[in-house]
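Spelled out, the chains give:
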Amino acid sequence: MTARRLPFPLILPLSLIMLLASFWGTLAIWFKMPGPDLLRYVVIGFFVFLNGAAFIALFKTRHLRPFLVFAGIFALLLGWWSTLTPPSEGNWVPDVARQVTGEIDGDLVTLTNIRDFEWTSAQEGKTNWITGTYDLSQLETVDMLLSYWGSPNMAHFILSYGFADGRQLAWSIEVKRSVGHKFSPVEDFFRANPLVIIAATERDVVGVRTNYRNEDVLMLRIAREPAQIRSLFEEYVKDANKLAARPAWYNTIETNCTTVVVRMLDAIGGKVDFDWRILVNGYLPEYVYEKGSVVNNIPIEELLALSRISPKAQAVGLSDAARFSAAIREGVPGPPVRSGVTN
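Residues numbered from 1 in each chain as written. Predicted model: local features only at pLDDT ≥ 70, side-chain atom pairs only at ≥ 80, totals over all residues. Heavy atoms only, no water.

## With respect to the side chain of Arg177
Relative to the helices and strands, Arg177 resides in the loop between β8 (168-175) and α4 (185-188). Despite its burial, Arg177 remains without a salt bridge, the nearest opposite charge being carried by Asp95 at 4.0 Å. (Helix = DSSP H or I, 4+ residues; strand = E, 2+ residues; numbered from the N terminus. Buried < 20%, exposed > 50% of the residue type's maximum accessible area, 1.4 Å probe, protein only. Lys, Arg positive; Asp, Glu negative; His and termini not counted. Salt bridge = Lys/Arg side-chain N within 4 Å of Asp/Glu carboxyl O.)

So, in structure tokens, the structure goes:
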């Protein structure tokens, strides 16, 4: 009995799935398959040949069988992909060599491996890892910092927490790079490097970007409610401990600011709607402005101008952590007042 031919409108989405999956699979093999380049070329050639034959057969016969053959090939690729685990040890670049961990005891949290480097250039500095104890009942502020290094479409995302004693602690999700490895958004989409969560002083994690890498850094002061800020801080500690126990891959899409932003907006009581600016995070200022999470009683252009902190950071220098944190906030609009919250 002849198999029933598929309707042509169904062939199109199936073929699109095959093309996209084949493209992803080819790059996955290239970036992650061990061995010499020649071996990768051979495997990729065989992979493309099989998928191409299945693709042509799908259009020629309009039967489901070629797609099922393709699905079987791709399932084998995914099976191999699932066996890849991030390394727990390596020759890491010094500034991402350690993962912060924390212990929460009531209102007190003690963090180990807080980074407080004394930077001497864009990539080098005197290493300094410290332990610090913070009183979570004294959490007062949370500020969002976006550091633009090239394109206005994407930025590095940092959250900085302020305590009543004047201390600031910044958190940054970064690539755990090996020595000699350069950052590549495409390669990091294919499990090139592990993930690391950094807790650091502002003069370190912000200062290296403003004063040595000459990045354009914006600070947006988020509407604050202490209980919600505390909840968000504790989530960072839990994520850091989990990562220390079980390494995870850095992913260009999943571990840019998207997850953090959604969690941040949820923690401060904002309804999180799907918006392309959450993914293309260079436009987050406009998004949080429209959400009312930052001061929005002045034009957005004025807010952005007042929020640029790099010139102030360069003027004050990095010699004093407390002075640096105070100086970069001078003139930056404070968070909007929420009901029951005082500035």
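Once the structure has been displayed, the description carries forward.
## Some thoughts on the pattern of salt bridges
Two side chains bearing opposite charge may form a pair once their charged atoms approach each other closely. Using the criterion set out here, one finds 13 salt bridges in the structure. Its salt-bridge partner being Arg230, residue Asp107 comes within 2.8 Å of it at the nearest N-O pair. A residue pair is termed long-range when its members are at least 10 positions apart, and Asp107 in the loop between β1 (101-105) and β2 (108-115) and Arg230 in helix α7 (residues 226-245) qualify at 123 residues. For Asp107, a relative accessible area of 37% corresponds to the partly exposed category. Taking the shortest distance from any N to any O, the salt bridge between Glu202 and Arg329 comes out at 2.7 Å. With Glu202 in helix α5 (residues 202-205) and Arg329 in helix α13 (residues 321-329), this pair connects stretches of sequence that are 127 residues apart. Considered together, Glu202 and Arg329 belong to a single accessibility category, that of buried residues. A single network of salt bridges, built from pairs that share partners, joins Asp143, Glu202, Arg221 and Arg329.

## A closer look at the nonpolar core
Ranked by internal contacts, the top residues of the largest apolar core, which has 44 residues, are Leu111, Met144, Leu159, Tyr161, Leu169, Trp171 and Phe233. Residues Ala21, Ala28, Leu77 and Trp81 belong to the second largest nonpolar core, which totals 22 residues. (Core = buried A, V, L, I, M, F, W, Y, C linked by side-chain atoms within 4.5 Å.)

## Section: the environment of Pro335
As for its placement among the helices and strands, Pro335 is situated in the segment after α13. A sequence separation of 115 residues divides Pro335 from Leu220, and the C-alpha atoms of the two residues are 7.9 Å apart.

## Observations regarding helix α3 (residues 65-82)
End to end, α3 covers 25 Å across 18 residues, agreeing with the expected 26 Å (1.5 Å per residue, within 8%). Taken together, the buried positions of α3 are Pro66, Phe67, Phe70, Ile73, Phe74, Leu77 and Trp81. One face of α3 carries all of its buried residues, which in axial projection span an arc of 125°. Facing away from the buried surface of α3 by more than 90 degrees, the exposed residues are Arg65, Leu68, Leu76 and Ser82. Check the buried side of α3 and you find it contacts α1 (8-32) and α2 (37-61). (Expected span 1.5 Å × (residues − 1). Arc of directions from axis to C-beta. Contact = heavy atoms within 4.5 Å.)

## Thoughts on the packing of α1 against α3
Viewed as axis vectors pointing N to C, α1 and α3 meet at an angle of 30°, and their least axial separation amounts to 11 Å. For the element pair α1 / α3, the angle class is roughly parallel. Judged by the twist between their axes, the crossing of α1 over α3 is left-handed. Seen from α1, the contacting residues are Leu14, Ile17, Met18, Ala21, Ser22, Trp24, Gly25, Ala28, Ile29 and Lys32; seen from α3, they are Phe67, Phe70, Phe74, Leu77, Leu78, Trp80 and Trp81. The class makeup of the residues in the contact of α1 with α3 is 14 nonpolar, two polar and one charged. (Axes fitted to C-alpha atoms, helices over the stretch in contact; angles between N-to-C directions. Parallel < 35°, antiparallel > 145°, perpendicular 65-115°, else oblique. Left-handed = near helix turned anticlockwise from the far one by under 90°. Nonpolar A, V, L, I, M, F, W, Y, C, P; charged D, E, K, R; others polar.)

## Structural notes on empty space enclosed by the protein
On inspection of all chains with the given rule, the structure shows one cavity of 30 Å³ or more. The calculated volume of the largest cavity comes to roughly 30 Å³. Taken together, Met219, Leu220, Arg221, Val294, Val295, Leu303, Ser307, Val332, Pro333 and Gly334 form the lining of the largest cavity. Secondary structure elements with two or more residues in the lining of the largest cavity: β10 (216-221) and α11 (300-307). With three residues, β10 is the largest single contributor of residues to the lining of the largest cavity. The class makeup of the residues in the lining of the largest cavity is seven nonpolar, two polar and one charged. (1 Å grid on protein atoms, 1.4 Å probe; cavity = no way out; pocket = protein on both sides within 12 Å on 5 of 7 lines; lining within 4 Å. Points joined across faces, edges and corners; volume = space filled by probe spheres on them.)

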